[in-house]
Amino acid sequence: DAERIFNDQLSRLNMEYIDFYLLHALTKDKWERMVELGVLEFCDKLISEGKIRRLGFSFHDEYEVFEQIITHRKWDFCQLQFNYMDTEEQAGIKGYELAERLGVPVVVMEPVKGGALANLPPDICDIFKGLDPARSIASWALRWVGSFPNVKVILSGMSDAAQVEDNLDTLGNFTPLDQAE
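A brief look at the structure comes next. Residues take numbers from 1 onward in each chain, read along the sequence in its written order. Two thresholds apply to this predicted model, a pLDDT of at least 70 for residue-level local features and 80 or more for giving and counting side-chain atom pairs, whereas whole-chain, interface and lining totals are computed over all residues. Just so you know, side-chain values use all the structure's heavy atoms and leave hydrogens and water out.

## Some remarks on the environment of Ser136
Positionally, Ser136 belongs in the loop between helix H6 (122-131) and helix H7 (137-146). It is 44 Å that separates the C-alpha atoms of Ser136 and Val35, two residues lying 101 residues apart in sequence. Two residues qualify as a contact provided that any one of their heavy atoms is within 4.5 Å of a heavy atom in the partner residue. The residues contacting Ser136, other than those within four sequence positions of it, are Lys129 and Asp166. Starting at the N terminus, helices and strands are each numbered in turn, a helix being any DSSP run of H or I of at least four residues and a strand any DSSP run of E of at least two.

## Details of the environment of Ile52
Turning to its location among the elements, Ile52 is positioned in strand E2 (residues 52-59). Distance in space between the C-alpha atoms of Ile52 and Phe20 is 7.0 Å, their sequence separation being 32 residues. In contact with Ile52, other than residues within four places in its own chain, are Phe6, Ile18, Tyr21, Cys43, Leu46 and Ile47.

## Description of a negative patch on the surface
A patch consists of residues whose relative accessible area exceeds 30% and which take part in no salt bridge; residues with like charges are grouped when within 9 Å of each other, and nonpolar side chains (Val, Leu, Ile, Met, Phe, Trp, Tyr) when within 5 Å. With residues, only the protein chains shown are counted as cover, and all accessible areas are computed by Shrake-Rupley using a 1.4 Å probe. Salt bridge, as used here, is a side-chain nitrogen of Lys or Arg placed within 4 Å of a carboxyl oxygen of Asp or Glu. In this tally Asp and Glu are treated as negative and Lys and Arg as positive; neither His nor the chain ends contributes. Here the site of a charge means NZ on Lys, CZ on Arg, CG on Asp, or CD on Glu. On the surface, Glu62, Glu64, Glu67, Glu88 and Glu89 cluster together to form a negatively charged patch. Mapped onto the fold, Glu62 is located in the loop between E2 and helix H4 (63-70). We call a residue buried when its accessible area falls under 20% of the maximum for its residue type, exposed when it is over 50%, and partly exposed in between, using a 1.4 Å probe and counting protein chains only. According to the relative accessible area criterion, Glu62 is partly exposed, its value standing at 48%.

## Some points on the sheet that holds strand E3 (residues 77-81)
Spatial ordering of the open sheet is given by E1-E2-E3-E4-E5, a layout of five strands whose pairing is parallel. Strands at the two margins of the open sheet, each flanked by one partner only, are strand E1 (18-26) and strand E5 (151-154). Neighbour-to-neighbour, the strand axes of this sheet turn through a mean angle of 25°, independent of strand direction. Strands pair, by our definition, only if DSSP identifies at least two bridges between them. As judged from the four bridges shared by E3 and strand E4 (residues 106-109), these two strands associate in the parallel manner. Counted as the bridge partner of Leu80 is Val108 from E4. For helices, the fitted axis covers only the stretch in contact; all axes are lines through C-alpha atoms, and the angles between them, taken along N-to-C directions, range from 0 to 180 degrees.

## Quick notes on the side chain of Ser58
Turning to its location among the elements, Ser58 is positioned in strand E2. Residue Ser58 is classed as buried on the basis of its relative accessible area, which comes to 0%. Side chain to side chain, Ser58 and His24 meet in a polar contact 3.2 Å long. With sequence-adjacent residues up to four places away left out, Ser58 is seen in contact with Leu22, Leu23, His24, Ala25, Leu26, Gln79 and Met109. Polar contacts, as used here, are pairs of N or O atoms within 3.5 Å; protein pairs need one atom able to donate a hydrogen and one able to accept it. Residues neighboring in sequence count only if both atoms are side-chain atoms.

Remember, this is a structural readout, not a statement about activity or role.
Following this line, the structure appears as structure tokens:
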């Protein structure tokens, strides 16, 4: 069904090609099924035809599975859950480091952990505010992720205009975390 699905996607997008094509939400079982069904070979065919410009994957499993997937082929990008609370979850910091060593750019999802890193207990907020009272609590999570040189895109869910403005201010005037921070 991969050919039908891809052609339907092109049609709905009203495009002749897709710049960044993502194999979504890979887990061990989904990955093994894609390999078994020849989905990667089909994607390579689409790349050779110019219908896919860059091929990547998003990931939702343990590090060992991530290592298997990312070393299977030369990927153009990967998408990871990555934030300062989840460095040992899913691919985690080890996955980021492996992607960097392999030269695979990283797209980050969940940099603010679904908003949890913007709504911390008061005693933790006081630590951040003590470092820089002008910065929002969420901005620290975005700055942490953005301080990694192989992070090329940060996907941040936002639910109101103030969050959009805060994210634009944080990343538009970006300063990486320093050692003290």
